[in-house]
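Listed here are the chains, written in short residue letters.
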Amino acid sequence: MDNSRTSRRPLSRRGLLRTGTGAGIAALGLGLGAKGAAAAVSATPRFDLSQPSYDLFRDKVLHSKRVQQSFAFDSVNKRLFVAAKRYGSAEEAGDLCVSELDFAGNYVSYMHLNGFGHGVAFGVRPSGGNSGLWIECEANGNGYGTKLAHLTYTPGATVDASSTSFGKFQPVPGATEYTCSIDPVYQRMLVRYHKDGGKHLAVYRLADTDRGDFSSPVAQFTPPAISGTPQGYTLYGSYMYFQTGNSYSSSNPAPGNTYLTSININTGAIAQGPTLTKAGSTLTFREPEGLAIHRTDAGESRLFIGFATGEEGDRRSSVFYKKDLV
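All values derive from a computational prediction rather than experimental measurement.

**Q** Explanation requested: the overall build of the protein chain in the structure shown.
**A** Check the secondary structure of the protein chain and you find three helices and 21 strands. Counting over 326 residues, the protein chain shows a buried share of 57%. Here the contacts in the protein chain between residues at least 6 apart in sequence split such that 56% fall between residues at least 24 apart. When the accessible surface of the protein chain is summed, it comes to about 12500 Å², and 49% of that surface belongs to carbon and sulfur atoms.

Here's what the structure looks like:
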């Protein structure tokens, strides 16, 4: 067991300002907003989506028995967090249950986030022995978050979205919904937001977002139209990765319709895909849910692909990964 667990405490607004992990005007819900022209992001390798996938784990237990929505790694403290709707809550309530697993998929603990959102994507920032969650909050009537929150993962805790004990952010003026994902390798955050009737994306340096500063995006773009049901996204270097698909059914038999697409964040153009992935194709129930990036201690970057699996009333988590770069 990690001895640092006993030191985990919710970060107050004042604590966020002291530690530099939340901050300023945005923590009061006023937002800073993007301004000025976005700088180009240097080109990086990208994952070859046509190459094989490998198992991390299959059918691991979560605290919530509902379908997982997304997941994210704390590579420093060796934790994996999986977000799902809270069991027994209404679909549009925005009540989330975040389960903590170890890297082998063993269940460790949970945290309840009431009224936060759908859980489409989120990110984790380690801070000493703590894991800071960047996640949507203050769900609207459709159950999607209208702000981004930064709060410390606290095992067994229940936090309401109305709480003033953590920072809340509205990075883009006029946007009505937010989610995010973190690239822990190139140290950037990808924010997906709804504005003017559509989805748009902005990329920020973690050195800025750690201070609550969203004023200087390094890239902003509108993604290309991709058919299929959106099921998650993440960022690695100069490429965004997008997942679509549905669970198996009589009209969608194995190997299913889960597709991955990479998008150049400098141009907004598709780099590869949509490419069918057969990761976990032998699973009985298999619904694509979430993408994330993690770099191993040996220095290997991996694109992780999540699926909700298991039986109705006892949904579980299965995670696979790709590692080939081009």
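Still to come is the rest of the account.
**Q** Is there a simple way to explain the environment of Thr 209 in this structure?
**A** Relative to the assigned elements, Thr 209 resides in helix α3 (residues 206–209). The buried category is assigned to Thr 209, whose relative accessible area is 0%. Along the backbone, Thr 209 and Phe 169 are 40 residues apart, and their C-alpha atoms lie at a distance of 9.9 Å. Filtering out sequence-adjacent residues up to four positions away, Thr 209 remains in contact with Trp 134, Met 189, Tyr 204 and Phe 214.

**Q** Please clarify how the sheet that holds strand β20 (residues 301–311) should be interpreted in this entry.
**A** Strand pairing in a sheet relies on backbone hydrogen bonds. The paired strands run either parallel or antiparallel. An order of β1-β21-β20-β19 is seen for the four strands of this open sheet, with the pairing classed as antiparallel. In this open sheet, the two edge strands, each paired with only one partner strand, are β1 (54–60) and β19 (287–295). Across this sheet, the average inter-strand angle for adjacent strands is 20°, counted without regard to direction. The sheet contact formed by β1 and strand β21 (residues 314–322) spans four bridges and is antiparallel. The residue bridging Tyr 54 from the neighbouring strand is Tyr 321, located in β21.

**Q** Can you walk me through the nonpolar core in this structure?
**A** Nonpolar side chains tend toward joint burial in soluble globular proteins. Ranked by internal contacts, the top residues of the largest apolar core, which has 20 residues, are Leu 113, Phe 116, Phe 122, Leu 133 and Leu 151. Counting only elements with at least two residues in this core, the list comes to β3 (79–85), β4 (96–101), β5 (107–114), β7 (130–139) and β8 (145–152). Discounting residues that sit within four places of it in the chain, Leu 113 has contacts with Gly 94, Asp 95, Leu 96, Val 98, Ile 135, Leu 151 and Val 159. In this structure, Leu 201, Val 203, Phe 221 and Met 240 belong to the second largest nonpolar core, which totals 16 residues.

**Q** Before we go on, may I ask you to explain the environment of Thr 222 in this structure?
**A** Here Thr 222 shows up in the loop between β14 (219–221) and β15 (230–236). Relative accessible area serves as the criterion here: at 47%, Thr 222 is assigned to the partly exposed category. Counting along the chain gives 45 residues from Thr 222 to Thr 267, while the straight-line C-alpha distance between them is 9.3 Å. If we ignore the near neighbours within four places in the chain, the residues touching Thr 222 are Lys 199, His 200 and Gly 268. Within the structure, the side chain of Thr 222 is placed 2.8 Å from the side chain of His 200, a separation counted as a polar contact.

**Q** Is there a simple way to think about the packing of aromatic side chains in this case?
**A** The description of an aromatic ring pair uses the distance of the two centres, along with the angle that the planes make with each other. On inspection of all chains with the given rule, the structure shows 15 aromatic pairs. With centroids separated by 5.3 Å and ring planes inclined at 45°, the aromatic side chains of Phe 304 and Tyr 321 adopt a geometry described as tilted. With Phe 304 in strand β20 and Tyr 321 in strand β21, this residue pair connects regions lying 17 residues apart in the sequence. With respect to burial, Phe 304 and Tyr 321 carry one shared label: buried. Following the ring pairs from residue to residue traces out a cluster consisting of Tyr 54, Phe 71, Phe 73, Phe 103, Phe 304 and Tyr 321. Lying across the ring of Tyr 321, Arg 302 places its NZ or CZ 4.1 Å from the centre. One Lys or Arg, Lys 323, reaches over the ring of Tyr 54 and ends 4.7 Å from the middle of that ring.

**Q** Please clarify how the sheet that holds β15 should be interpreted in this entry.
**A** Read across the open sheet, the four strands follow the order β15-β16-β17-β18; overall the sheet is antiparallel. Each edge of the open sheet carries a strand with a single partner, namely β15 and β18 (270–276). Taking the axes of each pair of neighbouring strands and ignoring which way they run, one obtains an average angle of 15° across the sheet. Pairing of strand β17 (residues 259–264) with β18, which is carried by four bridges, proceeds in the antiparallel orientation. Bridge assignment links Leu 260 to a residue of β18, and that residue is Thr 275.

**Q** Looking at this structure, how should I read the pattern of salt bridges?
**A** Opposite charge on two side chains lets them pair, provided their charged atoms get close. This structure, assessed with the given rule, holds 17 salt bridges. Between Lys 85 and Glu 91 there is a salt bridge; the shortest N-O distance is 2.7 Å. By relative accessible area, Lys 85 is classed as buried at 2%. A relative accessible area of 44% means that Glu 91 is categorised as partly exposed. The partner of Arg 211 in a salt bridge is Asp 208, and the shortest N-O contact between them spans 3.0 Å. The exposure class assigned to Arg 211 is partly exposed, which follows from its relative accessible area of 43%. We classify Asp 208 as buried; its relative accessible area is 12%. Salt bridges sharing partners connect three or more residues here, namely Arg 205, Asp 208, Arg 211 and Asp 213.

The rules we used
Residues numbered from 1 in each chain as written. Predicted model: local features only at pLDDT ≥ 70, side-chain atom pairs only at ≥ 80, totals over all residues. Heavy atoms only, no water. Helix = DSSP H or I, 4+ residues; strand = E, 2+ residues; numbered from the N terminus. Buried < 20%, exposed > 50% of the residue type's maximum accessible area, 1.4 Å probe, protein only. Contact = heavy atoms within 4.5 Å. Areas by Shrake-Rupley, 256 points an atom, 1.4 Å probe, with all protein chains shown as cover. Pairing = 2+ DSSP bridges. Axes fitted to C-alpha atoms, helices over the stretch in contact; angles between N-to-C directions. Core = buried A, V, L, I, M, F, W, Y, C linked by side-chain atoms within 4.5 Å. Polar contact = N/O pair within 3.5 Å; in protein donor to acceptor, adjacent residues only side chain to side chain. Phe/Tyr/Trp six-rings, centres within 6.5 Å; stacked < 30°, edge-to-face > 60°. Lys NZ or Arg CZ within 6 Å of the ring centre and 35° of its normal. Salt bridge = Lys/Arg side-chain N within 4 Å of Asp/Glu carboxyl O.

Interpretation note: all reported values are geometric properties and have no functional meaning in isolation.
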